[in-house]
Amino acid sequence: MMASVNNVLCILAFILSAKLSEAAKPKNPVILVPGDGGSQLWAKLNKKSSPHYFCKTYTSDYYNIWLNMEDLLYPSILCFVDNMRLYYNRTTHTTYNTDGVDIRIQNFGDSQTVEWLDPDTKVHYSPVSYFSNIADALVSNNFTRGKDLKGAPFDFRKAPSDSLGVVIVYPSWVRAEQRSMPSTAWLMPSPRYWAKDEVLVITDKRNYTVADYKDLFADLDYMDGYYMRQDVENLIMDLKPPGVEMHCLHGLGLDTPGKLKFGPGQFPDTFPETINDDGDGTVNKRSLIACADWSGQQKQPVMHKVIMNAEHMAILSNPIAIQYIVDLVTDSS
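It should be emphasised that the depicted structure is a prediction, and the values quoted were computed from it without experimental measurement.

(A) Quick look at the overall build of the chain. Within the chain, the secondary structure is distributed over 10 helices and 14 strands. Taken across its 333 residues, the chain has 39% of its residues classed as buried. Taking contacts inside the chain between residues at least 6 apart in sequence as the whole, the part at least 24 apart equals 68%. Roughly 18600 Å² of accessible area belongs to the chain as shown, and the carbon and sulfur atoms make up 54% of that amount.

(B) Spatial organisation of unusual backbone geometry. A cis amide bond links W66 with the next residue in sequence, L67, at an omega value of 5°. With respect to the secondary-structure elements, L67 resides in the loop between β3 (63-66) and α2 (76-84). Cis rather than trans, the peptide bond between F267 and P268 has omega equal to 5°. Structurally, P268 can be placed in the loop between β12 (254-261) and β13 (273-279). Not every positive phi belongs to a glycine, and N107 is a case in point at roughly 60°. For N107, the location among the structural elements is in the loop between β6 (101-104) and β7 (109-110).

(C) Focus on the state of the cysteines. According to the stated counting rule, one finds two disulfides in the structure shown. Across the disulfide, C55 is cross-linked to C79 (sulfur-sulfur distance 2.1 Å). Here the disulfide of C55 and C79 is left-handed, its torsion about the S-S bond being about -85°. Of this pair, C55 sits in the loop between β2 (41-45) and β3 while C79 sits in helix α2; the two residues are 24 residues apart in sequence, bridging distant segments of the chain. C79 shares its class with C55; the two are buried. There is a disulfide in this structure between C248 and C291, and the S-S distance comes to 2.4 Å. Of this pair, C248 sits in strand β11 (residues 246-252) while C291 sits in the loop between α9 (285-288) and β14 (302-308); the two residues are 43 residues apart in sequence, bridging distant segments of the chain. Judged by relative accessible area, C291 falls into the buried class, the value being 12%. Here the disulfide map of the chain reads 1-2, 3-4, the bonded cysteines being numbered as they appear in the sequence.

(D) Focus on the nonpolar core. By size, the foremost hydrophobic cluster in this structure holds 39 residues, and its most contacted members are I65, W66, F80, M84 and L138. For this core, the secondary structure elements donating two or more residues are β1 (30-32), β2, β3, α2, β6, α4 (132-139) and α10 (319-332). Dropping the residues within four chain positions of it, F80 is found in contact with I65, W66, D71, L72 and E177. Grouped together as the second largest cluster of nonpolar side chains are 16 residues, M188, Y208, V210 and F262 included.

(E) Spatial organisation of the sheet that holds strand β9 (residues 201-202). On the basis of which strands lie adjacent, the open sheet formed by four strands has the order β10-β9-β12-β13 and mixed pairing. Of all the strands in the sheet, the pair left with one neighbour each is β10 (207-208) and β13. Where β12 lies against β13, seven bridges are found, and the strand directions are antiparallel. Residue pairing in the sheet places K259 in a bridge with I275 of β13.

(F) Region of the structure containing the packing of aromatic side chains. Under the defined criterion, the tally for this structure stands at seven aromatic pairs. Centre to centre, the rings of Y87 and Y96 are 5.8 Å apart; their planes meet at 25°, and the pair counts as stacked. Classification of Y87 by relative accessible area gives partly exposed; the value is 28%. According to the relative accessible area criterion, Y96 is partly exposed, its value standing at 44%. A centroid spacing of 5.8 Å and a plane angle of 25° characterise the contact between Y208 and F267, whose relative ring orientation is stacked. Taken together, the residues span a long stretch of sequence, with Y208 in strand β10 and F267 in the loop between β12 and β13 at a distance of 59 residues. Taking the relative accessible area as the measure of exposure, Y208 reaches 3% and is therefore buried. The structure contains a cluster of three or more aromatic residues connected by ring pairs, namely W66, F80 and F156.

Calculation notes
Within each chain, residue numbers correspond to sequence positions counted from 1 in written order. Only residues with pLDDT of 70 or above have their local features reported here, since the model is predicted, and side-chain atom pairs are shown and tallied only from 80 upward, although totals for entire chains, interfaces and linings are computed over all residues. Working from all heavy atoms in the structure, the side-chain values ignore hydrogens and water. Runs of H or I in DSSP of at least four residues are treated as helices and runs of E of at least two as strands, each being numbered from the N terminus. Three labels apply to residues, based on accessible area from a 1.4 Å probe with only protein chains included: buried if under 20% of the type maximum, exposed if over 50%, partly exposed otherwise in between. The contact definition used throughout considers only heavy atoms, calling two residues in contact when any of these lie within 4.5 Å. Here the accessible surface of atoms and residues is derived via Shrake-Rupley with a 1.4 Å probe, and residues count as covered only by protein chains that are part of the display. Here, two cysteine sulfur atoms that lie within 2.5 Å of each other are counted as a disulfide. The criterion is simple. A nonpolar core is a set of buried Ala, Val, Leu, Ile, Met, Phe, Trp, Tyr and Cys residues joined through side-chain atoms within 4.5 Å. Strand pairing requires that DSSP identify at least two bridges connecting the strands. Aromatic contacts are taken between Phe, Tyr and Trp rings whose centres are within 6.5 Å, Trp giving its six-membered ring; a plane angle under 30 degrees counts as stacked, one over 60 as edge-to-face, and the others as tilted.

Keep in mind that these numbers describe shape and distance, not what the molecule does.
What follows is the structure, encoded as structure tokens:
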């Protein structure tokens, strides 16, 4: 009987030792890398002027400029646009902030900088949620913020980056800020996936394709946009395989802008009619499935999963997507 007990104890000790060794084994870390608009940005002001008497010109310390929902209301949005926009230098091919504005990333490595767009916990609800649901799921599976769960925020105004829709505001209010970002120019349709005779913008005077970007920006009276596009368009034109195991998850089956149609006299300062394509509501199908091109081009596997009707931002809280990620990282840890 004692021998049997000892044997059982030995087996239990072996199992416990194995479990402790397994628990002590460091996990492969998860690093959350956001897309366009997915990082908190902080600004400090020391300006000589502002676009509205309501706007501050000086702050003693850095404050959260992206995203503060109150800043997207009028007239605060005028201050926001002036502080967030970039200016383009055609000689150096670089961009710079409004004079007297310094914008930076804070707490690089902290996952919460990409979990919530607004750091104010009082407003942590859906419109400002980013990676929070995925992070919570990972924490529930023994990942620890700041240890093996990290965030990599960056200044998304620069290229390249992905796209993010957060809130709806009048386009004319934010046009100066949005068009000043090289990341916006980088997001334009690529001739790799759009034919040179495929119309993207329709007006009563002429149409525009990917081969007409120079004319388009000239007619928009914004040639800086064209030069920024030239700077960034070849960054991933070859779309070379990364040489690591890849898992591509995205939605499909939702109306997604495919063409813009302006009526007589409407171009370029009114909101056009949208002719929809298939996609995730923000990104077109042909861009979403581009990662599948890597299959067979590298020895590492390329896994491609489509989640029907998963919207571009909502996929970050989609239970199918979250479970896929949890299963993937826990199996490989």
